[in-house]
Every structure is written in structure tokens, then in C-alpha cells.
Amino acid sequence: MTAGQVLVIGGGLAGISAAVGLCDAGLAVTLLEARPRLGGATCSFSRHGLMIDNGQHVFLRCCTAYRQLLDRLGGSGSVWLQDKFDVTVLGGAAAGPARLRRNALPGPLHMGLALASYRPLSVTERLQVARAAAAMRLVNPAGRGVDEVSLGDWLASHGQSEHARRALWDLFIVSALNIAGDEASLSLAATVARTALLGRRAAADIGVPAVPLGRLHGDAAMQLLRRLGARVHTGVKATAVRPAAAGGWTVSVADGELTADAVVLAVPAAAAARLAPPGLAATAARWPRLGSSPIVNVHVIYDREVTSLPMAAAIDSPVQWVFDKTRAAGLTCGQYLAISLSAADRYVDVPAAELREQFVPELARLFPAAAGATITDFFVTRERRATFRQVPGTAAMRPAQATQLPGFALAGAWTDTGWPDTMESAVRSGNAAAAHVLAGLGPAVRAMTGRPAAKAGVGS
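Scope of this entry: the structure provided in the associated data block. As the structure is a prediction and not an experimental result, all values here were calculated from the model.

The first and last C-alpha atoms of helix α1 (residues 13–24) sit 16 Å apart over 12 residues, in line with the 16 Å expected at 1.5 Å per residue. Of all the 12 residues making up α1, 11 are buried; the element is thus mostly covered by neighbouring parts of the structure. By the burial criterion, the buried members of α1 are Leu-13, Ala-14, Gly-15, Ile-16, Ser-17, Ala-18, Ala-19, Val-20, Gly-21, Leu-22 and Cys-23. On the buried face of α1, the contacting elements are β1 (5–9), β2 (28–33), α2 (64–73), α8 (213–227), β14 (262–265) and α13 (423–440).

A few words now on the sheet that holds strand β17 (residues 321–324). One open sheet holds the 7 strands; their spatial order is β8-β7-β16-β17-β18-β15-β19, and the pairing between them is mixed. This sheet does not close on itself; its edge strands, each paired only once, are β8 (98–101) and β19 (375–387). Shown here is a sheet whose adjacent strand axes are inclined to one another by a mean of 25°, direction ignored. Bridge count between strand β7 (residues 86–90) and β8: 4 bridges; the pairing is antiparallel. The partner of Asp-86 across the bridge, within β8, is Arg-101. Each of β7, β8, β16 (311–314), β17 and β19 is contacted by helix α6 (residues 162–177), which is oriented at about 65° to β8, the strand it contacts most. Where helix α12 (residues 352–366) meets the sheet, its contacts fall on β7, β15 (293–302), β16, β17, β18 (335–341) and β19, and the angle it forms with β19 comes to roughly 110°.

What follows deals with the sheet that holds strand β20 (residues 408–410). The strand order across the open sheet built from 5 strands is β10-β2-β1-β14-β20, with neighbouring strands paired in parallel fashion. Each having just a single partner strand, β10 (231–234) and β20 make up the two edges of the open sheet. Adjacent strand axes in the sheet meet at a mean angle of 15°, parallel and antiparallel pairs treated alike. The sheet strands contacting α13 are β1, β14 and β20, and the helix crosses β20 at an angle near 170°.

Turning our eyes to something else, we now look at unusual backbone geometry. Residue Pro-108 follows Gly-107 across a cis peptide bond; omega there is 0°. Here Pro-108 shows up in the loop between β8 and α3 (112–116). Of note, the phi angle at His-48 is positive, near 50°, even though the residue is not glycine. His-48 sits in the exposed class, given a relative accessible area of 68%. At Asn-178, a residue that is not glycine, the phi angle is positive and equals roughly 55°. Note on placement: Asn-178 falls in the loop between α6 and α7 (186–197). Residue Asn-178 is classed as buried on the basis of its relative accessible area of 1%.

The rules we used
- Residues numbered from 1 in each chain as written.
- Predicted model: local features only at pLDDT ≥ 70, side-chain atom pairs only at ≥ 80, totals over all residues.
- Heavy atoms only, no water.
- Helix = DSSP H or I, 4+ residues; strand = E, 2+ residues; numbered from the N terminus.
- Expected span 1.5 Å × (residues − 1).
- Buried < 20%, exposed > 50% of the residue type's maximum accessible area, 1.4 Å probe, protein only.
- Contact = heavy atoms within 4.5 Å.
- Pairing = 2+ DSSP bridges.
- Axes fitted to C-alpha atoms, helices over the stretch in contact; angles between N-to-C directions.

Given below as C-alpha cells:
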């Protein structure tokens, strides 16, 4: 075994970012992915000549680690990032759509005009929201006991009506945390609000892929890692991880065993608990208790354009967010809309025919032109374990990427990054895992390369 060999188990964004950082540091990296492609939860499939994403994934301008990974993958030109945060909100009782758009003032004043003119809320509710937002800026997400409080209880104690919580706070919290707004951890909700909405002026500008996710992440990562000299094996599932008798680690796979100086375990929480070596057994027993929360996507393809909006949010509607996927999927005639339903427990087992009966008329209500259009395709995708269940009390169950076991690190959006379970969290975890491995392998790396171990992290 040559000094400086690392096995990365898992080819999602966490594993990809860890592998890239370790390759950049000069280590010999082997990545194992059980699925036939890289990208993890961000993937695409072919349907009737179109490339369909399994779900809508967005990022914000403040997602610096993810954007640095995109740069490294050569994907910065394959996403669309708003020049200015701007969201059209449909479906409220007020006549016509509402609009939330930031101005040129520094944060948090950049959202002041948008809130002051947000017609779904009464003037009194807008004033109460402004006071609650000011109080939210003072919440320390890592403060003692903060993760034990639900966002709903905190908002109610700060004068937020049921209507204000549904018509404004839920627009961002439900999609960001994939949990009903009232049930969300105050710690994670405060991270979202303080970082994105109440932080720097441009922090909340929204970005979306302009090409299929499989190309943006999986294909690009495969090309980059091979260029960097990594060995990438798809369709290979790790079944056990244990310390090797002579030092380092042994990883069992279907047709044998692999050895390495270090291992980065970058798989979902439940799978990580099954693979965790004996030295982590007590800690690993807590990881499955993080649970999971589903996301359902309803895909509707029309024979003509029914809206000019690239995306929109909805209130007083079963629709939460809807995105125009026409160009990204490669559709040349008509329009392809995807409805993204977070915290989708009520929908995850509903047959597609019933979802069609509910959502097609609702789209026609939100987009009147859809009433006269013909639907050429309708289908549903379901991510049953899209994220962990981001409720109060989960902070104590999220492990650090660094472990007490020499040469062993964890990665995944579910680990303790200080962020919700998002693409940004996944990349940050991979960077941190790579840094931990490099710190432990410092002497081996110096012996192998004749130079100090480089600092890990995409974009570092």
C-alpha cells in the first residue's frame, strides 16, 4: 500500500468535493459509488427524448462552497443566477400576483421595500414581520437551547399570525428545510434567515441549473476526477469498513477487499450507520434517528407556452414552487413546468392520477393560459428520503466530519456543517472531511511528495 491512498465511499456532492480536494493535495484517491453514475441525489434520466431531473435543485449566491465546486467542474456557465433576488408570488387573495424583489440598499435593508409592499399581508402583519425579522437577526443558531425550539413557537411568540407564517415565512423555510415551517428547528431556520434573507444584499439571489443535473454534476465530476488521476468505480457498493491489522483501513466490496491509509464515508445517515466501524458504534446509533423527509415533483408538459416566468412561488395553493424546465430538458416545442413540493409527506404515496386531478386545475388557476393548453405529458418523481427531518433536537445527532479514528472522516449534507441539508452543506462537509484526512496524513504526504500536505477544499 503506497502512502497517501484514500478511499472515498459515495459519489454524491459530498464525496465528489472530498475526492477533488484530496486529489488536489496529491493523494491517490479511489472513489466508490454504488449507483451507476455520480451525483447522488442530483441526477437526471431520459424520458421521451428529454432529460428530466429527479427534482428541482436551487442554490443561492451565498452558497460559496457549492459555487466553487461548480467552477471546478466547469459548470458556472451552465447555471442561471439572478442579478437580483426577485420572486413572483401567485395565488393569494389580493388581486394579481405579488412580488418580492430586493433593492440596492445594504442588508438587511435590501428587503425592506419588498416587505413594505407585500400585498398578501396586511399593513399590521408587515410591521409585525419586520419586528420579528429584526429579532431573528439576534438569534444565534449555535446558541444553547436554540435547536430545541420550533420555528412555529418562536414566530408565534414574536407576534406572527398563522396567516403571516403561511403567506411569507413558509415560502422560504419549507423549501429550504424540507419540513413544515412550524415544525422546523429554530437553529436551522435562523441560519437560513440570517445568512440568506437578512445578511448581505446579494446573498439570497437564486440560481438554478440551465442543463440537466446529471451533466452538471455527475458527468462533469467523472471527467474532472479522471483528469486528476482518481480511480472512479460506479456500481460498486461498500459492505463493510474496518481497521486493517497493519494500519489503515480495509473496505469490503462484492468481489473482494480494498485497503487505504484513510477513508471518507460520504453516504446518507442510515447507510453510514451500517458501515461505521466499531469505534463509532455508539455515536452511529444516533444517526438513523435523524429520520427523513420527502420531496415530490409534479412534471407537466404543455403543447404551448403558458407563462413567461422562469419560476414562481404560490400561497393559498397546494403548489409551493413551480419552475420552467423547458430549455434545461431540451424541449423545443411547448413548455415544461415542474412543481416542487417540499415536506411532501401528504403527497409521497398519492397515485399520479390523483395528483394530476389536483395540480392540473391549480396550474390553470395560477397560469390562466394553461387552461387552453393541451398536456402532452404528465408524470411524478418522488424522493422519499430527500433530506433528514430538520426538526428541533437534530443538532445533537449530526456528527462532525472529523472523528477520533485515525484516517477516518464522515461527509454528507446530514453531518454537522452549520447549514441545513442542502447542496451547500454537502460540499462543505466534503471539504471538511478532506481537510481532516490531510491533517492526519501529513507525515505520509510529506514522505510521498516531498512537500507539506496541501490545504483541502474546493476553491481553497
